[in-house]
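Report on the structure
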Amino acid sequence: MFRILRRLRRDERGQAMVLGVVVMLVLAVTIMTSVGIGQGVYEKIKLQDAADAQAYSLAVKEARAYNFLAYTNRAMIVHYSAMLTLMSYVSHAVYLDRTIGVAAKYLQYIPGIGAVFTAVSTAIKAWKVTVETVSRLLIPVITALNIALWLAQEAMLTGTLFDLYTTKGHGDVIRKTDPRADVTEDMDSGQSFNNASVSSLFGNPSDINYSNAKNFLHVLDDGPFSSSPTMGVDPTGMLTRGKLVTGNKLSDPNMAKYRLLMGNLANGVRRPWTAEGQGPILIGRRWEFRLCVGIGELRIRKTADSQIKSFDENFENNRKDQLFASDDIRIEVRPTCFLFGWSDVFRLRFRAAADNRGGFHQEYGSNKTDDHHPWLGITPFITSDTSFVSPRQNHFGYPCNLIVLGKDMGAERSGNKPVYELENLKNNAFMEGNGDGKYNTAENNDEGIRESYLDMTWEYVGGKQDGYAADFRQRTGGMMAMAVGRAIYHRPNAWKEEPNFFNPLWTARLAPVQTHWDADHLKWLVPAWEDSEWLIQGINY
């Protein structure tokens, strides 16, 4: 008996088993910890990828919307130039008919060459009828087309709003990148906007993310201010711009900006023949003839002008905007060929105009005939009101969208199913109930700590008793990612150029979250925001 006991006491076999159990326990805990950390990193990367993809996708939609506005604005300018050219043809045709046409009418009786003048007279009259008919048909059509382009701009803005601020419009970008990602609650209203409709863009304040909405629309000249609590009843400014086609007054300063801008742009792209006239003597729109004799000099000048004009409200029963074209002849003399000034002998004007009273022709001084060319005036269009105040915060009027996503990582949140790997650990906690209860104090329990309980989930991430952490878990599910997408206006090698809606040079990119103007909400989402803001400002300023 004693021999057996002495042998067992000297026998060292089996020590490895005890060490192995301890090592395996440590290894198992290490592996489980590594798996949990790795899984958390993986889920965070997927969530951030989803936020980046959604922010960039929405920035692309913003850039496409602004490029569409630029293309349609340019199309309107081309249409105004075409209408001015039509009116120039009308004015020039009237000039030809009342000068060369009248002369040919009498010269056709000359024997031998009369047939030539007859043909000239007939051709001029046919040309006049042709341009009159074409202009009467095309000007209303082109005007209606410009109004259609404006309505298309408003439809593009509304559609982009729907894509930006409702989960119905987000598409499948988030779901395809990370199926477990959730769009967090609206940061302004505190309400979910998962079920928002297009109509809510104009009426229901609880379904709209006003932060992103204002950040997209504040670039528009008639858009809401960033400081406004809501977007108002006219978020895109459509009703304001619509006054241009509803008999507004020229004295309205909000409408004057549209007339001046579009009128100047349209006048600026006129071709020389339309703008000031050019061509050969007699049949051209601009030419000059001089004859010097012993007693003096004779000069005949033919000039032309075509432009968009805005008249005073009291002018001729309030004509307002006009497509105006004229061909003028002036005969002047002076007593010598080199000295003294010119004196008018004769002046004749041939004018044609289109306006909201039907337009008119003017021949032989003040004689006018009306109801030729109806035109509604400048059509509403989208323009920008960029700001260079605090450029780091407002980024030169560039619109941004802030995307905040959350993921249920097993935290205290109802509704969504948590990530399955962590859910298994939560429901089958390793070593649960194997302790002696020594450390199951009230303080530990309040912090979510239980003896002999290895919970790898994120149920109490941030601390069980911390109010901010509890709010964070409730709103995000325990994990959050955010990204900013920015639509920028950039002409190559001209970064300082102010953005506008007349050149399609908008593109998209991701932007640093720190530069986003919605600082109040970011300070709530990121407690260290103020410290980082102070640090960045301290370095850069």
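Residues numbered from 1 in each chain as written. Predicted model: local features only at pLDDT ≥ 70, side-chain atom pairs only at ≥ 80, totals over all residues. Heavy atoms only, no water.

**Comments concerning the pattern of salt bridges**
Definition in use: For this document, the term salt bridge refers to a Lys or Arg side-chain nitrogen within 4 Å of an Asp or Glu carboxyl oxygen. What counts as a helix is a DSSP run of H or I of at least four residues, what counts as a strand is a run of E of at least two, and both are numbered from the N terminus. Classification of residues uses two cut-offs on accessible area relative to the type maximum, computed with a 1.4 Å probe and protein chains only: under 20% is buried, over 50% is exposed, and between them is partly exposed.
Under the defined criterion, the tally for this structure stands at 23 salt bridges. Where Asp-178 meets Lys-407, a salt bridge forms, and the shortest distance between an N and an O atom there is 2.6 Å. Of the two residues, Asp-178 sits in the loop between α6 (173–177) and β1 (182–183) while Lys-407 sits in strand β8 (residues 400–408), which places them 229 residues apart along the sequence. In this structure Lys-407 comes out as buried when scored by relative accessible area, which is 0%. Among the ionic pairs, Lys-257 bridges to Asp-221, the shortest N-O distance being 2.5 Å. One end of the pair, Lys-257, is in helix α10 (residues 253–268); the other, Asp-221, is in the loop between α8 (210–217) and α9 (238–241), with 36 residues separating them in the sequence. Judged by its relative accessible area of 29%, Lys-257 falls in the partly exposed class. Ionic contacts of the salt-bridge type, sharing partners, join the residues Arg-299, Arg-301, Arg-330, Glu-332, Asp-344 and Arg-347 into one network.

**Some words on the state of the cysteines**
The condition that has to hold: When two cysteine sulfur atoms lie within 2.5 Å, the pair is treated as a disulfide.
One pass over the structure, following the stated rule, counts one disulfide. Note that Cys-292 is cross-linked by a disulfide to Cys-337, the S-S spacing being 1.3 Å. Between Cys-292 and Cys-337 the sulfur-sulfur dihedral comes to about 90°; the bridge is accordingly right-handed. One end of the pair, Cys-292, is in strand β2 (residues 287–293); the other, Cys-337, is in the loop between β4 (321–334) and β5 (343–354), with 45 residues separating them in the sequence. Look at Cys-292 and you get partly exposed, because its relative accessible area is 44%.

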